[in-house]
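What the coordinates show
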Amino acid sequence: IQKMWRGYYVRKYIHNYYALKKYLAAISVNNEIVRNELQEYTEMKENEEKRKDLEKKEMERKYQARKMHYLLSTEQIAGIYNSPFRKSPDPMELLLRKSKPLSHTRQEKSSFASELYGWPTCRKPPTFSTAQPLPPIVRQKPQGPFRDTAEVLRQRYKPLEPTFHVAAAINSPLKKEFRREEWRNCIHDNEFLPFSSYHKNEKYDPSIHRSGKYGQEAYGIKHFREVQPKKWVADK
Amino acid sequence: NSGVMSLLRPLLLDVVPTIRQTAALALGRLANYNDDLAEAVVKGDILPQLVCSLSEQNRFYKKAAAFVLRAVGKHSPQLAQAIVQCGALETLVICLEDFDPGVKEAASWALGYIARHNSELSQAVVDAGAVPLLVLCIQEPEIALKRIAASTLSDISKHSPELAQTVVDAGAVAHLAQMILNPDAKLKRQVLSALSQIAKHSVDLAELVVEAEIFPVVLTCLKDSDEYVKKNGATLIREIAKHTPELSQLIVNAGGVAAVIDCIGSCRGTVRLPGIMMLGYIAAHSENLSMAVIVSKGIPPLCACLIEEHEDHIKAAAAWALGQVGRHTPEHARAIAVANVLPTLLAMYMDTHSSEDLQMKASIFTKKALKSILQKCTYLPALEPLLHDAPPNIMKHIVGQFSKVLPHDSKARRLFVTTGGLKKIQEIKAEPGSLLQEYIDTINNCYPEEVVR
């Protein structure tokens, strides 16, 4: 009987063949799911990359068209994109017709994702702050009664110039003379209390109406109403 | 060579701040180029001055000075030790609290380069109190700062379990785990590297990393377009899998095996190595896990690695992994034999064996793998072709397997004779009394006398 029982126990709990088979099947199913999801994820990423590339190229083309707007063909002279031997104008020609010419005062914003952190490798020459920051060249003055920018920056970034009293540590030996003189100049040793503590230790003066001949009267302070405990109902 | 160090040194104390900054920048670039120049910077007694004047408020000077320290510290442990001795660590840690992110980045970069060399320097960096500040730096919005802080934490925690524990105690794991989802590729590289350096030391640390809920997010990193993100992701999973069977089980249940197998299939070169080792570790723990690897179609990519790769250590790793998969039971060995891996392994063994370089890892691992698989293989059709080319030490195992199976299986006996296997056996010369001779005798005894002649 023990042999049978041991066989049954091992087959059910320790080395369950069918459970193992089910587990391996479940793993394959799970793997399929994981693979599909990862595949979708990669496809999504690739699509995003392509889209970004396309958009970037579009922006580049539009910018170029705006910059080279003068290449547009006129009535008399055909532009380079509008050759008379062609049946229809080049797509670039159509783009040129659609775009607005670039204005002279337009700020250059063509740094697509330029590396802002040239600092870590210190390859680009850094811009150091000089004592006098130069005012910006092409900039509309902000409307209003504002102070000069250079002045404001100078005031804001003025370095701290601590006095000797503040700069030296409180127990430094350099301040010995200092401390002696301060101690000498003190008039009294009463601690300076904040104003809220001025009234803390005052005694309360009771009014004359309340204070009886032999101290305080019980009525009005200890009890207010006449009570007759014998007539109370609730206690019983 | 022209005495530039002694000229630059007084410029560091100049009144005009621009001159100070430019002098520091020049020193940094000089030290960055060459380690002799870096030694000259140290010998010229410039570091103490730099460290004292670092507490100035000007952020450009702080960046330049941190750049100098980084450039000096990156070349060798002795130079880094010199930096530590002149008390630069405290000032660098103070720079980590600065408002400007560029200063923080330069300071943490310098600390990272110092901590990279060995565990004493790492310990010095940790003792200066850098780790909590680095964890704060990781949470900053600037990507470059995050990258550098993650790389520094990775460098600190790679040396010993105590250092890794310090990093974990500062609460870094949760933040690093969140940053796996960031789209920036370089940041992901550093974060995955940091997590794998933490997880590699002990089971508890690996469990901590797993509890930060990195699965199944880490599997998406295995599909990234950047090669090193894939490599570091596979490294992280490998470091987790190698500790205990339970962790490997977790990875298998999360579908990690499938993802890693796909990753191995899509990469080339050293990027595949951590993935291969991971499969080997998982298969080594138990036969159920090894069967799981087989079921997830793991053997064909491993075989492909054996054939395609040329580097010794990758081939050795692939051979080892295959050995781990096949060594458990005849079922496993059969799966490997069916996939036609044994001839490849044998060919590789002969190849490396004959090139006289027996110390090469590939030959050692291939031999072990072959032995362990062959000792369990009962799938005779796959063993047949091996009879013809095998060297004597492998032949022993093959013939041994035949001698175990043939006495019991009549169909196999017939097949053996018809395919010319019996003839080949007769051609083998073995010393009488050796194991090989015993096997041959057992096989010969299965057949009647006239067939043997």
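Procedures and definitions
- Residues numbered from 1 in each chain as written.
- Chains lettered and ligands numbered in written order.
- Predicted model: local features only at pLDDT ≥ 70, side-chain atom pairs only at ≥ 80, totals over all residues.
- Heavy atoms only, no water.
- UniProt positions renumbered as here; feature names shortened; annotations may be inferred.
- Helix = DSSP H or I, 4+ residues; strand = E, 2+ residues; numbered from the N terminus.
- pLDDT = per-residue confidence, 0-100.
- Axes fitted to C-alpha atoms, helices over the stretch in contact; angles between N-to-C directions.
- Parallel < 35°, antiparallel > 145°, perpendicular 65-115°, else oblique.
- Left-handed = near helix turned anticlockwise from the far one by under 90°.
- Contact = heavy atoms within 4.5 Å.
- Nonpolar A, V, L, I, M, F, W, Y, C, P; charged D, E, K, R; others polar.
- Buried area = accessible area lost by both parts, 1.4 Å probe.
- Salt bridge = Lys/Arg side-chain N within 4 Å of Asp/Glu carboxyl O.
- Polar contact = N/O pair within 3.5 Å; in protein donor to acceptor, adjacent residues only side chain to side chain.
- Buried < 20%, exposed > 50% of the residue type's maximum accessible area, 1.4 Å probe, protein only.
- Core = buried A, V, L, I, M, F, W, Y, C linked by side-chain atoms within 4.5 Å.
- Phe/Tyr/Trp six-rings, centres within 6.5 Å; stacked < 30°, edge-to-face > 60°.
- Lys NZ or Arg CZ within 6 Å of the ring centre and 35° of its normal.
- Patch = residues over 30% accessible without salt bridge, like charges linked within 9 Å, V, L, I, M, F, W, Y side chains within 5 Å.
- Areas by Shrake-Rupley, 256 points an atom, 1.4 Å probe, with all protein chains shown as cover.
- Lys, Arg positive; Asp, Glu negative; His and termini not counted.
- Charge placed at Lys NZ, Arg CZ, Asp CG, Glu CD.

1. What to know about the UniProt feature "coiled-coil region" (unreviewed entry) in chain A
With numbering matched to this structure, UniProt assigns "coiled-coil region" (unreviewed entry) to residues 31–65 of chain A. Secondary structure across residues 31–65 of chain A divides into 100% helix and 0% strand, with the first and last C-alpha atoms of the span separated by 51 Å.

2. Quick notes on the confidence of the model for chain B
All names here are of chain B. Here chain B shows a mean pLDDT of 88. Residues at 70 or above account for 97%. Within chain B, the lowest mean pLDDT, 71, falls on helix 32 (residues 449–452), and the highest, 95, falls on helix 11 (residues 143–157). With pTM at 0.74, the complex prediction returns an ipTM value of 0.73.

3. A word on the packing of helix 21 (residues 287–295) of chain B against helix 24 (residues 330–338) of chain B
All names here are of chain B. Between helix 21 and helix 24, the least distance of the axes is 10 Å, while the angle of their chain directions is 25°. In terms of orientation, helix 21 and helix 24 fall into the roughly parallel class. For the pair helix 21 and helix 24, the sense of crossing is left-handed. Counted together, Glu-287, Ser-290, Met-291 and Ile-294 of helix 21 and Glu-331, His-332 and Ala-335 of helix 24 form the full contact between these two elements. Per-class residue counts for the contact of helix 21 with helix 24 are 3 nonpolar, 2 polar and 2 charged.

4. A few points about unusual backbone geometry
Residues and elements named next belong to chain B. That bond from Phe-215 to Pro-216 is cis: its omega, -5°, falls within 30 degrees of zero. In this structure, Asp-45 is a non-glycine residue whose phi angle is positive, near 65°. Locating Asp-45 in the fold gives a position in the loop between helix 3 (35–43) and helix 4 (46–53). Positive phi values are uncommon outside glycine, yet Asn-340 reaches one of about 65°. By the element assignment, Asn-340 lies in the loop between helix 24 and helix 25 (341–354).

5. Some details on the interface of chain B and chain A
Each partner contributes to the interface: chain B provides 34 residues, whereas chain A provides 27 residues. Buried area between chain B and chain A, summed over both chains or domains, comes out near 2700 Å², and the portion from carbon and sulfur atoms is 59%. Interface area lost by chain B to chain A is led by Phe60(B), Lys223(B) and Val295(B), which between them contribute 18%. Across the contact surface, chain B and chain A share 1 salt bridge. One salt bridge connects Arg35(A) with Asp262(B), and the closest N-O pair in it is separated by 3.2 Å. One can count 6 residue pairs in polar contact (both at pLDDT 80 or more) joining chain B with chain A. For the side of chain B that touches chain A, the secondary structure elements donating two or more residues are helix 2 (17–33), helix 5 (59–73), helix 8 (101–115), helix 16 (217–221), helix 18 (245–253), helix 19 (256–266) and helix 21 of chain B. For the side of chain B that touches chain A, the per-class residue count stands at 15 nonpolar, 9 polar and 10 charged.

6. Examining the side chain of Ser99(A)
Residue and element names in this part refer to chain A. Structurally, Ser-99 is set in the loop between helix 3 (91–98) and helix 4 (149–156). For Ser-99, a relative accessible area of 15% puts it in the buried group. Residues contacting Ser-99, with those up to four places away along its chain left out, are Ala-65, Arg-66 and His-69.

7. Let's talk about the nonpolar core
Residues and elements named next belong to chain B. Ranked by size, the top nonpolar core spans 166 residues in total, and within it Leu-176, Ile-214, Ile-240 and Val-399 carry the most contacts. Top element by residues in this core is helix 23 (residues 312–326). It accounts for 9 residues. Beyond its immediate sequence surroundings of up to four residues, Ile-214 is in contact with Ala-177, Ile-180, Leu-195, Val-209, Leu-236 and Ile-240.

8. Remarks on the packing of aromatic side chains
Residue and element names in this part refer to chain A. Per the counting criterion, the structure on display carries 7 aromatic pairs over all chains. A ring pair is formed by Tyr-9 and Tyr-13, whose centres lie 5.3 Å apart and whose planes are at 50°; its orientation type is tilted. Taken together, the positions of Tyr-9 and Tyr-13, both in helix 1 (residues 2–14) and 4 residues apart, correspond to about one turn of that helix. The side chain of Lys-175 reaches across the aromatic face of Phe-178, ending 5.8 Å from its centre.

9. Observations regarding the pattern of salt bridges
A complete count under the given rule lists 22 salt bridges over all chains for this structure. Between Glu151(A) and Arg147(A) there is a salt bridge, with its nearest N and O atoms 3.6 Å apart. Under the relative-accessibility criterion, Glu151(A) is labelled partly exposed at 39%. Across the salt bridge formed by Arg272(B) and Glu308(B), the nearest N and O atoms sit 3.1 Å from each other. With a gap of 36 residues between them, Arg272(B) in the loop between helix 19 and helix 20 (273–285) and Glu308(B) in helix 22 (residues 299–308) connect regions that are remote in the sequence. Judged by its relative accessible area of 36%, Glu308(B) falls in the partly exposed class. One salt-bridge network, held together by shared partners, links Arg268(B), Arg272(B), Glu308(B) and Glu309(B).

10. Let's talk about a negative patch on the surface
A contiguous patch of negative charge on the surface is contributed by Glu37(A), Glu40(A), Glu43(A), Glu46(A), Glu48(A), Glu49(A) and Asp53(A). As for its position among the elements, Glu46(A) is in helix 2 (residues 17–67).

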